[in-house]
Amino acid sequence: LCEKPMASSVRAAEEMAQIAARKKVSVAVNHYIRYSGVVRAMEQFSKEHDMGEPTSVVVDGGAACLVTNGIHWIDFATELFRVPPGRVVSTARGEPINPRADDLRFYGGSAIWSFEGGREAVMTLNNHSSVALTARIYYRNAVIEMDADLNTRIRRRDMKAVEKFPKVTRTGQALEQIFEGRLPGVLTKEECLGAAQVDALEKIPRICPAETAATSVSSCIGALVSGREGKAIDLPIRSPGPWAEEAWPIS
């Protein structure tokens with residue numbers, strides 16, 4: 001059972017996944033949102049309430065770090081959209097305020113990951129604010145708001161207004177609150193750790209194997225590279241190459 005990020009470089013994450021496969025070692029990585037089952041719960045709820053498909057994920061808040069906490073949310077977006085991002089552009093910058101070690105960095109700034117079909121995951125986390133992050137998942141006709149503990153509020157547009165003016169450009173406020181609390185079946189963080197331990201005992205982890213976690217490492221490191229280089233980065237970062245080999249002071 002491996003903590004996230006599973007490695008500090010893309011190449012190291014790839015090698016861990018390759019060695020695990022070759023030696024038939026079960027490696028599960030503790031991406032707690034994936035283990036919580038919240039994506040499955042959201043999919044079921046959206047079908048029951050005619051919310052349409054998810055279109056974007058927006059995460060904003062204070063000093064949470066685009067990697068330390070952000071990796072959970074880019075992994076969440078990858079699971080939600082059922083495909084990894086193809087590009088990232090970012091203003092990421094590291095500061096020596098990481099509470100885990102003096103030689104590690106906390107990365108603030110904004111990052112936009114692009115997915116197929118015009119979907120995006122946007123993260124803006126500012127190292128000068130102590131306000132906890134909030135995630136918003138926009139749907140065709142609704143929005144889901146979640147905190148880091150996956151407490152959830154779901155609001156939907158007036159469906160009579162949507163029916164009367166069906167064009168997507170006829171926007172309206174999502175004022176009808178249709179749910180608040182914890183979606184059915186969603187695990188707590190403590191239960192997620194237990195689920196990850198069970199996953200690690202499988203011959204082949206089913207929920208978050210090494211290959212899945214390596215994708216999130218590449219997505220986050222791509223944002224760090226983009227912030228430093230000042231340009232968009234195509235994903236995934238592939239070996240061989242300097243960006244794949246470079247180790248970052250991340251936690």
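Look up: the structure comes first, before these words.
Conventions used here
Counting restarts for each chain, with residues numbered from 1 along the sequence as it is written. Given that this is a predicted model, residues contribute local features only at a pLDDT of at least 70 and side-chain atom pairs are listed and counted only at 80 or more, while totals for whole chains, interfaces and linings are drawn from all residues. As a convention, hydrogens and water are excluded, and side-chain values are obtained from all of the structure's heavy atoms. We call a residue buried when its accessible area falls under 20% of the maximum for its residue type, exposed when it is over 50%, and partly exposed in between, using a 1.4 Å probe and counting protein chains only. Secondary structure elements are taken from DSSP: a helix is a run of H or I of four residues or more, a strand is a run of E of two residues or more, and numbering for both begins at the N terminus. Arc definition: directions from the helix axis to the C-beta atoms. Residues are treated as being in contact if the distance between any of their heavy atoms lies within 4.5 Å. DSSP-based pairing: two strands are paired if at least 2 bridges between them are found. Stacked, edge-to-face and tilted labels apply to pairs of Phe, Tyr and Trp rings (six-membered ring for Trp) whose centres lie within 6.5 Å, assigned for plane angles under 30 degrees, over 60, and everything in between, in that order. Remark: a charge is flagged as sitting over a ring if the NZ atom of Lys or the CZ atom of Arg is within 6 Å of the ring centre and within 35 degrees of the ring normal. Note on definitions: salt bridges are taken to be side-chain nitrogens of Lys or Arg within 4 Å of carboxyl oxygens of Asp or Glu. Whenever two N or O atoms come within 3.5 Å, that pair is a polar contact, provided that in protein one can donate a hydrogen and the other can accept it, and provided that, for residues adjacent in sequence, both atoms are side-chain atoms.

Participant: For helix H3 (residues 38-48), give the residues involved together with the corresponding values.
Facilitator: Listed as buried for H3 are Val-38, Val-39, Ala-41, Met-42, Phe-45 and Ser-46. What you see down the axis of H3 is that its buried residues fit within an arc of 160°, all on one side. Residues of H3 that are exposed and angled more than 90 degrees away from the buried face: Arg-40, Lys-47 and Glu-48. Those residues of H3 hidden inside the fold are in contact with helix H2 (32-36), helix H4 (65-81), strand E6 (134-139), strand E7 (142-146), strand E8 (152-156) and strand E9 (176-181). Phi turns positive one or two residues past the end of H3, at Asp-50, with a value near 55°.

Participant: Please provide a residue-by-residue account of the pairing of strand E4 (residues 106-114), values included.
Facilitator: Where strand E2 (residues 87-90) lies against E4, four bridges are found, and the strand directions are antiparallel. When the bridges of E4 are listed, Val-89 appears paired with Ile-112. The pairing of strand E3 (residues 93-95) with E4 spans three bridges and is antiparallel. Its bridge partner lying in E4, Glu-95 is registered against Phe-106. With six bridges joining them, E4 and strand E5 (residues 120-125) adopt antiparallel strand pairing. Directly across from Ser-114, in E5, lies its bridge partner Glu-120. Counting the residues between successive antiparallel strands, the hairpin from E4 to E5 contains five residues, one of them, Gly-117, with a positive phi of roughly 75°.

Participant: Explain the environment of Ala-12 to me, using residue names and the numbers behind them.
Facilitator: Mapped onto the secondary structure, Ala-12 falls in helix H1 (residues 10-23). The class of Ala-12 is partly exposed, set by a relative accessible area of 27%. Taking the C-alpha atoms as reference, Ala-12 lies 8.9 Å from Ala-214; in sequence the two are 202 residues apart.

Participant: Account for the packing of aromatic side chains, naming residues and giving values.
Facilitator: Across all of its chains, the model carries four aromatic pairs by this definition. Both rings, one in Trp-73 and one in Phe-76, keep their centres 5.5 Å apart while their planes meet at 75°; by these two values the pair is edge-to-face. Taken together, the positions of Trp-73 and Phe-76, both in helix H4 and three residues apart, correspond to about one turn of that helix. Both residues of the pair, Trp-73 and Phe-76, belong to the buried class. Ring geometry for Tyr-107 and Trp-248: centres 6.3 Å apart, planes at 70°, overall edge-to-face. Remark: Trp-248 occurs in the segment after helix H8 (242-245) and Tyr-107 occurs in strand E4; sequence separation between them is 141 residues. What makes Tyr-107 buried here is its relative accessible area of 7%. The ring of Phe-165 carries the charged tip of Arg-170 above its face, separated from the ring centre by 4.0 Å. The ring centre of Tyr-32 lies 5.0 Å from the NZ or CZ of Lys-189, which sits over that ring.

Participant: Could you give an account of the pairing of strand E1 (residues 54-61), naming the residues involved and the relevant values?
Facilitator: Pairing analysis gives six bridges linking E1 to E6, with the strands arranged antiparallel. Among the inter-strand pairings, Ser-56 is bridged to a residue of E6, identified as Tyr-138. Two elements, E1 and E5, share six bridges in a ladder whose sense is parallel. Counted as the bridge partner of Asp-60 is Thr-124 from E5.

Participant: How would you explain the pattern of salt bridges if you had to name every residue and give the values?
Facilitator: Inspection of the entire model under this criterion finds 14 salt bridges. A salt bridge links Glu-43 to Arg-82; the shortest N-O distance between them is 3.1 Å. Here Arg-82 lies in the loop between H4 and E2 and Glu-43 lies in helix H3, a separation of 39 residues in the sequence. Classification of Glu-43 as partly exposed rests on a relative accessible area of 23%. The partner of Asp-234 in a salt bridge is Arg-87, with the nearest N and O atoms 2.9 Å apart. In this pair, Asp-234 is assigned in strand E10 (residues 233-234) and Arg-87 in strand E2, connecting sequence segments 147 residues apart. A relative accessible area of 47% places Asp-234 in the partly exposed class. Look at Arg-87 and you get partly exposed, because its relative accessible area is 41%. Connected through shared salt-bridge partners, Asp-60, Arg-136, Glu-145, Arg-153 and Arg-155 make up one network.

Participant: An account of the side chain of Asn-127 is requested, with residue identities and associated values reported.
Facilitator: You can see Asn-127 is positioned in the loop between E5 and E6. In terms of polar contacts, Asn-127 uses its side chain to reach the backbone carbonyl oxygen of Phe-106, at 3.1 Å.

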